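For reference, the chains in residue letters:
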Amino acid sequence: IFDCLRREIPISELAASVSSLEHKSEVYLASCLAIDVDHPGERAYLSQLSEALMLPPGLPEHLERQAREGMTE
């Protein structure tokens, strides 16, 4: 299990493994919760992930707000 957790999964592979909008949203939200979105490299990762998941306009920002709010409660 720990080997799998340490393995870097390409964004394209991650995006290809989900199909529903709900699942895509969960993947994006989990990524928001797991990283520091103020770091430029991780901001770029979220941008690439959003594109690969083909999230509708406005949804990534909404999910990022949810993540921030969830971390402050």
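Computed from a predicted model, the values in this text were never measured in an experiment. (Residues numbered from 1 in each chain as written. Predicted model: local features only at pLDDT ≥ 70, side-chain atom pairs only at ≥ 80, totals over all residues. Heavy atoms only, no water.)

J.: Before we move on, could you go through the overall build of the chain and cite the residues and values that matter?
T.: Helix and strand counts for the chain stand at five helices and zero strands. Taking 11 Å as the expected radius of gyration for a compact globule of 73 residues, we find that the chain reaches 12 Å, a close match to that expectation. Across its three principal directions, the C-alpha atoms of the chain cover 30 × 25 × 20 Å. Across the 73 residues of the chain, 29% fall into the buried class. Of the contacts formed within the chain by residues at least 6 apart in sequence, a portion of 60% connects residues at least 24 apart. (Helix = DSSP H or I, 4+ residues; strand = E, 2+ residues; numbered from the N terminus. Rg over C-alpha atoms; globule rule 2.2 N^0.38 Å. Buried < 20%, exposed > 50% of the residue type's maximum accessible area, 1.4 Å probe, protein only. Contact = heavy atoms within 4.5 Å.)

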